[in-house]
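Understanding the architecture of this molecule
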Amino acid sequence: MSKAVLYDATKCIGCRACQVACKQWNELPSEETSNRGTYENPPKTSAYTFTKIRFSEVEDEGKFQWVFAKVQCMHCEHPACATACLVGALQKTENGPVVYDDRKCIGCRYCMIACPFGIPNFQWDDPLPWIRKCTFCGDRQGGGFKPACVTTCPTGALKFGEREELVAEARERIDTAPGKYVDHIYGEKEVGGTSWLYLSPVPFEKLGFPALSSEPVTVDVARAMGAVPPVLVGVAALMTGIYWLIQRRGKMRQTKDDDKEVEVTK
Amino acid sequence: MMQRIRSFPTGTSILSAVVVIGLITMILRYINGLGATTNLSDGRPWGLWISFDLYCGVALAAGGFTLAGVVYIFRQEKYHSVARPAILTAFLGYTLVILALLVDLGQPWYLWHALIYWNVHSPLFEVAMCVMAYTAVLALEFSPAVFERLSEVNLPIIRRFNWHIPLRIIRAIQIPLVIAGIVLSTLHQSSLGSMLLLMPETLSPLWYTPILPILFLVSAIAVGPAMVLFESTLSSRVFGHKLGLDIVSGLGRAIAYILGLYLLLKLVDLMARGDLALVLTAYPHNLLWWGEIIIGVVVPIILFSLPSVRQSNTKLFWCAVLVVAGLVFNRFNVSMLALDIRPGYTYFPHWMEFAVSAGLVADALLITWLANRLLPIVEHEDDVPSKAVLETGSH
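So, here's what we can say about the structure. Please read all numbers here as calculations on a predicted model, not as lab measurements.

Time to look at the overall build of chain A. Counting its secondary structure elements, chain A contains 8 helices and 9 strands. Taking 18 Å as the expected radius of gyration for a compact globule of 266 residues, we find that chain A reaches 28 Å, considerably beyond that expectation. Dimensions of chain A along its principal axes, counting C-alpha atoms only, are 105 × 45 × 40 Å. Buried residues in chain A amount to 39% of all 266 residues. Residue pairs in contact within chain A that sit at least 24 positions apart in sequence constitute 59% of those at least 6 positions apart.

Shown next, in the form of structure tokens:
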């Protein structure tokens, strides 16, 4: 059974207590930012900010809406980062979290390029840099606690539980309050499903969520990598065969010429 | 002639200066970290070093395995004189790729982790393994040149060792080495394409296709001989040795055929996916697509098939330059320009990134120049065991 979190944008009040709780639990330093004319702060996630609330001013069906969306690692069911990582420093655990092991990482940043949600970040300011991203509080979960952001959320916008149960609950919330939500649980199917699930009153594209197909991004890579052993054997055999054939043709021609020479000398 | 001799020190001193600047920049990078020396960011984590040094570098070094295959497996003896320079260039190319990665990696001192922590599902793991193994293969393939030279050196310490023994060993395993080189190259040239298969959502559909690994391999096979043509023409001018027209025009014809196959694959693939209209509609990415196709594929195919081009070393040289430029364009497109990674980030390389890349290229040029002066690169005794057989056969 794998754990998940359901985020309900209609319940979020944009207090950003989750951001603070995340920084506290993960002992992350604060970042200096400047006033950009919005309550949304900091502007981007970074190696020192694993989660943030994105503030979107949206016009939907003629109405103005101020909608919040929590951004953090989605903890995919088929994570691109875990397939990308050549040393296996990123791994999907059975319980849900995609965890990172800095004792293996070599800092190639392929995970950052591969992630369809743009989540893993890098300690650019550090001469000894590591990748950093939301851990889904795997350490807290191991001790039977909820993730720090969920624990601190004052309005119940974040709900932690079994993924299947949360998908069912999200479906029920959509069905029982027609018109309150768009009929879409973001994360249920996106890139093969994620451990973070979202409900929103407006289409997700308007909140800056990427429109993704339901096929895991790892499918084509898996197929290509599956072809490696047969290609290895095939190319080796083909080259050996060609070498042998051409070699043999050369020898045959030589014997023929030798025979001719013998005849001539006769 | 006098002028040529005098022009050497200028060239080498410029190269040496570029090497020194590159070295200093590298030291700065290790002291201050990647953030201070590059314009890379969370939204653009890969930049010039990956697009140019890794993606272009590996493809442009494909002359090593293609020429080794043509000469030692397919026994096209006339290309023998360009095979050894091609192998040397490939060896230097791969060494540079590894050096560039040591600069680009966040924790280069843990590169050896790739050897002990395996993720066999990662295309990058395959690339890393193959590049390491192939660099070793290339070193062995090139080593006869060093042993041949050492066996001629008249110094007491060096003369005491019988250099013909390692020479004989390498020659005995030459064919297996060449085959290993072809296998490893097939795998990692294509796997560099597989790496991009992880980005179906971010790489423009003009380039994203499940057959990307095949396109990478075919374009590498095309650009390998083009690079050999390019380099051997240059080195024949610099070092004043002759380069037969039959060799260059033969290479040109082969390149044209492979590029034709490449173009066919690209178009059929776009049609099969129903995305052919994108070449007209997907502005501005379609301009990049047309750029790489026209410069590196269509124009070279047309030019290489013109008899007037095929009879001129100079014209063939410029066609090869086009093929190389087109490939560089393509690799930059797929690994940088057509990749919409995260919104709100822009990237243009920092001057230090340029300095490191330029320094590494200058390294290779200097070593090539030294090798051509010190080692038997172009004219050397024959190391194809059955060439004698073939020659008597053709009498």
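Still to come is the rest of the account.
This brings us to the overall build of chain B. Summing up its helical and strand segments, chain B has 18 helices and 0 strands in all. Taking 21 Å as the expected radius of gyration for a compact globule of 395 residues, we find that chain B reaches 22 Å, a close match to that expectation. Overall, the C-alpha framework of chain B stretches about 65 × 55 × 50 Å when taken along its three principal axes. Taking all 395 residues of chain B together, the buried fraction comes to 46%. At a minimum sequence separation of 6, the contacts of chain B that also span at least 24 residues come to 83%.

So, about the packing of helix 7 (residues 123-152) of chain B against helix 9 (residues 164-172) of chain B. All names here are of chain B. The interhelical angle for the contact between helix 7 and helix 9, taken along N-to-C directions, is 155 degrees, at an axis separation of 9 Å. Taken together, helix 7 and helix 9 sit at an angle that is classed as roughly antiparallel. Viewed along their axes, helix 7 and helix 9 form a crossing whose handedness is left-handed. Facing Leu140, Ser143, Pro144, Phe147, Glu148 and Ser151 of helix 7, the residues of helix 9 in contact are His164, Pro166, Leu167, Ile170 and Arg171. Split by residue class, the contact of helix 7 with helix 9 holds 6 nonpolar, 3 polar and 2 charged.

All right, on to the packing of helix 11 (residues 212-239) of chain B against helix 12 (residues 245-272) of chain B then. Residue and element names in this part refer to chain B. Axis separation between helix 11 and helix 12 bottoms out at 9 Å; the angle between their running directions is 160 degrees. Classified by the interaxial angle, the pair formed by helix 11 and helix 12 is roughly antiparallel. You can see that helix 11 and helix 12 cross each other, and the crossing is left-handed. Contacts between helix 11 and helix 12 involve Ile214, Leu215, Val218, Ser219, Ile221, Ala222, Pro225, Ala226, Val228, Leu229 and Thr233 from the first element and Val248, Leu251, Gly252, Ala254, Ile255, Ile258, Leu259, Leu261, Tyr262, Leu265 and Lys266 from the second. Considered class by class, the residues forming the contact of helix 11 with helix 12 number 18 nonpolar, 3 polar and 1 charged.

Right, let's get into the interface of chain A and chain B. Each partner contributes to the interface: chain A provides 53 residues, whereas chain B provides 53 residues. Put simply, the parts of the chain that give the side of chain A that touches chain B at least two residues each are helix 2 (80-84), helix 3 (110-114), strand 6 (121-122), helix 7 (219-226) and helix 8 (228-265) of chain A. At 16 residues, the largest contribution of residues to the side of chain A that touches chain B is made by helix 8 of chain A.

Turning our attention to the pairing of strand 1 (residues 3-8) of chain A. All names here are of chain A. The buried fraction of strand 1 amounts to 6 of the 6 residues, a majority that puts the element mostly inside the structure. The alternating pattern of strand 1 places Lys3, Val5 and Tyr7 on one face and Ala4, Leu6 and Asp8 on the opposite face, and all of these are buried. In this structure, strand 1 lies alongside strand 9 (residues 196-199), joined through 4 bridges in parallel fashion. Residue pairing in the sheet places Tyr7 in a bridge with Tyr198 of strand 9.

Our focus in this paragraph is the pairing of strand 3 (residues 63-71) of chain A. Along any regular strand the residues' side chains alternate between the sheet's two faces. Residue and element names in this part refer to chain A. Relative to strand 3, strand 2 (residues 52-60) runs antiparallel, the two being bridged by 9 bridges. Counted as the bridge partner of Arg54 is Ala69 from strand 3. A loop of 2 residues connects strand 2 with strand 3, the two strands running antiparallel in sequence, and Glu61 in this loop sits at a positive phi of about 50 degrees.

Turning to the sheet that holds strand 8 (residues 158-162) of chain A, a few remarks are in order. Residues and elements named next belong to chain A. Strands sit in the order 8-1-9 across an open sheet of 3 strands; the sheet is mixed. Each edge of the open sheet carries a strand with a single partner, namely strand 8 and strand 9. Put simply, the sheet's adjacent strands are angled 25 degrees from each other on average, direction ignored. As paired elements, strand 1 and strand 8 share 5 bridges and run antiparallel to each other. Note that in strand 8 the partner of Val5 across the bridge is Phe160. Contacts between helix 6 (residues 163-176) and the sheet are confined to strand 1, strand 8 and strand 9, with strand 8 contributing the most and set at about 130 degrees to the helix.

Parameters at a glance
Residues numbered from 1 in each chain as written. Chains lettered and ligands numbered in written order. Predicted model: local features only at pLDDT ≥ 70, side-chain atom pairs only at ≥ 80, totals over all residues. Helix = DSSP H or I, 4+ residues; strand = E, 2+ residues; numbered from the N terminus. Rg over C-alpha atoms; globule rule 2.2 N^0.38 Å. Buried ≥ 20, exposed ≤ 12 C-beta atoms within 10 Å, placed from the backbone. Contact = placed C-beta atoms within 7 Å. Axes fitted to C-alpha atoms, helices over the stretch in contact; angles between N-to-C directions. Parallel < 35°, antiparallel > 145°, perpendicular 65-115°, else oblique. Left-handed = near helix turned anticlockwise from the far one by under 90°. Nonpolar A, V, L, I, M, F, W, Y, C, P; charged D, E, K, R; others polar. Pairing = 2+ DSSP bridges.

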